[in-house]
Amino acid sequence: MGRSYRLLLGVLVAAMVVPAAVYAGIPDPSLSDVPNVLFSPGGDLEYIVTVNGSSGPIANATVELQFSDGADTLIAWCVGQTHPTISATTDANGEAHFFIGAGGCIDPSQISAPPAVEVFANAVKLSEVGCVSPDAVDASGLLPWQGWNPGAVASVSANDAAFLGQFFKTSVYDFCADLNSDGAVAGDDASLAAPAIKNSLSCTKE
Ligand SMILES: [Ca+2]
Ligand SMILES: [Ca+2]
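Residues numbered from 1 in each chain as written. Chains lettered and ligands numbered in written order. Predicted model: local features only at pLDDT ≥ 70, side-chain atom pairs only at ≥ 80, totals over all residues.

## Some points on the overall build of the chain
Right, on to step 1. Along the chain, the regular secondary structure elements total four helices and 14 strands.
Right, on to step 2. In the chain, which comprises 206 residues, the proportion classed as buried is 37%.
Right, on to step 3. Within the chain, residue pairs in contact and separated by at least 24 positions form 68% of the contacts whose partners lie at least 6 positions apart. (Helix = DSSP H or I, 4+ residues; strand = E, 2+ residues; numbered from the N terminus. Buried ≥ 20, exposed ≤ 12 C-beta atoms within 10 Å, placed from the backbone. Contact = placed C-beta atoms within 7 Å.)

Shown next as C-alpha cells:
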C-alpha cells in the first residue's frame, strides 16, 4: 500500500467517523417525545419535551414552543407568562421542563389556521402539537374554538370539572381530556386535572 493511498484511506475513514459523531448531537424527531402542550392557570402542571439523537438524550438543547397566531389569540395567558414563543434548555436526560401559566384547550384540527404549536430543538422541528389544560372551557362551557370568552380571569371552575368529568367518568376519548397525550382518557388524566379542579386554580389574564 503506497503512502498516498494510506493517506487517502485515512481521510475517507475520518470523513465517515466525524459525521456520525455530529449526527449524535442532532435532535431526531422520530426519537424525541413531544406531547401536547400542557398548561394550567395555576402554572402547577409540568410539561416535558424529551430530545433524543442517535446516541440518546441531548443535553443543553434549546427547546422552543412556537404558538401560531391562531392559537396565541385563543389561549388565556396569565399575566407574566412569556408568549408566543416559550423556551427551555434540556437537562442531562434530554428533558426540557416547562411550567406554563395559561388556560384553554386547543385541538389543532379545530382551529382555522393550524398548526397550533410548532416545537423545535436547536432549530430542528420536532413536531406540531395542540394544547390541553384543566381550564378547558369558559363559564358558558364553550371551548376556545367555539368562541369562548374567559373574561378577565383564566379559571378552573365547575364548568371545567363538568366538561372534563364526562370523559373521565366514561373513559370516552376526547382531545381535551387526554391531558397526558397517550391517546386514551383514563384515571391518570383525571389525576393531572384534580389539583387544579379541587383548588379552583385561576390567574389574572394579561
Ligand atoms: Ca375554565
Ligand atoms: Ca391520557
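## Regarding the packing of helix 3 (residues 158–170) against helix 4 (residues 187–198)
Helix packing geometry: the angle between the two helix axes and the distance between the axes.
Right, on to step 1. Viewed as axis vectors pointing N to C, helix 3 and helix 4 meet at an angle of 165°, and their least axial separation amounts to 11 Å. By the angle between their axes, helix 3 is roughly antiparallel relative to helix 4. The way helix 3 lies across helix 4 gives a crossing that is left-handed. Of the residues in helix 4, those in contact with Asp-160, Ala-161, Leu-164 and Phe-168 of helix 3 are Asp-189, Ala-190, Ala-193 and Ile-197.
Right, on to step 2. Taken together, the residues that form the contact of helix 3 with helix 4 break down as six nonpolar, no polar and two charged. (Axes fitted to C-alpha atoms, helices over the stretch in contact; angles between N-to-C directions. Parallel < 35°, antiparallel > 145°, perpendicular 65-115°, else oblique. Left-handed = near helix turned anticlockwise from the far one by under 90°. Nonpolar A, V, L, I, M, F, W, Y, C, P; charged D, E, K, R; others polar.)

## Re the environment of Cys-78
Right, on to step 1. Relative to the assigned elements, Cys-78 resides in the loop between strand 6 (76–77) and strand 7 (85–89).
Right, on to step 2. As a C-alpha pair, Cys-78 and Gly-101 span 23 residues in sequence and 5.4 Å in three-dimensional space.
Right, on to step 3. Not counting residues within four places of it along the chain, the set of residues in contact with Cys-78 comprises Pro-41, Gly-43, Gly-101, Ala-102, Ala-154, Cys-203, Thr-204, Lys-205 and Glu-206.

## Concerning the nonpolar core
Right, on to step 1. Counting 51 residues, the largest nonpolar core has Ile-75, Val-117, Val-119 and Cys-131 as its most contacted members.
Right, on to step 2. Tallying contributions element by element places strand 10 (residues 117–121) first for this core, with four residues.
Right, on to step 3. Not counting the four nearest positions on each side in its chain, Val-119 is found in contact with Val-34, Val-49, Val-63, Leu-65, Leu-126, Ser-127 and Val-129. (Core = buried A, V, L, I, M, F, W, Y, C linked by C-beta atoms within 7 Å.)

## Here we look at unusual backbone geometry
Right, on to step 1. Of note, the amide linkage connecting His-83 to Pro-84 takes the cis form, showing an omega dihedral of 10°.
Right, on to step 2. Checked against the element boundaries, Pro-84 lands in the loop between strand 6 and strand 7.
Right, on to step 3. Residue Pro-115 follows Pro-114 across a cis peptide bond; omega there is 5°.
Right, on to step 4. Positive phi, normally seen in glycine, also occurs at Asn-60, with a value near 60°.

## Side note on the sheet that holds strand 7
Right, on to step 1. The antiparallel open sheet is built from four strands, whose spatial order is 7-5-10-11. This sheet does not close on itself; its edge strands, each paired only once, are strand 7 and strand 11 (124–129). Looking at each pair of strands side by side, their axes are set apart by 20° on average, direction ignored.
Right, on to step 2. In this structure, strand 5 (residues 62–67) lies alongside strand 7, joined through five bridges in antiparallel fashion. For Gln-66, the partnering residue across the bridge sits in strand 7 and is Thr-85. (Pairing = 2+ DSSP bridges.)

## Some details on helix 3
Because each turn of an α-helix spans 3.6 residues, side chains separated by three or four positions end up pointing in the same direction.
Right, on to step 1. Helix length check: helix 3 (13 residues) gives 18 Å between terminal C-alpha atoms against 18 Å at 1.5 Å per residue, within 8%.
Right, on to step 2. Approximately 35° is the largest bend angle found in helix 3, and it occurs at Leu-164.
Right, on to step 3. Within the sequence span of helix 3, burial applies to Asp-160, Leu-164, Phe-167 and Phe-168.
Right, on to step 4. At its buried positions, helix 3 is contacted by helix 4.
Right, on to step 5. Looking one or two places after helix 3, you find Ser-171, whose phi comes out positive at around 60°. (Expected span 1.5 Å × (residues − 1). Bend = angle between axes of the 7 residues up to and from the residue.)

Geometric values such as these leave the question of function open.
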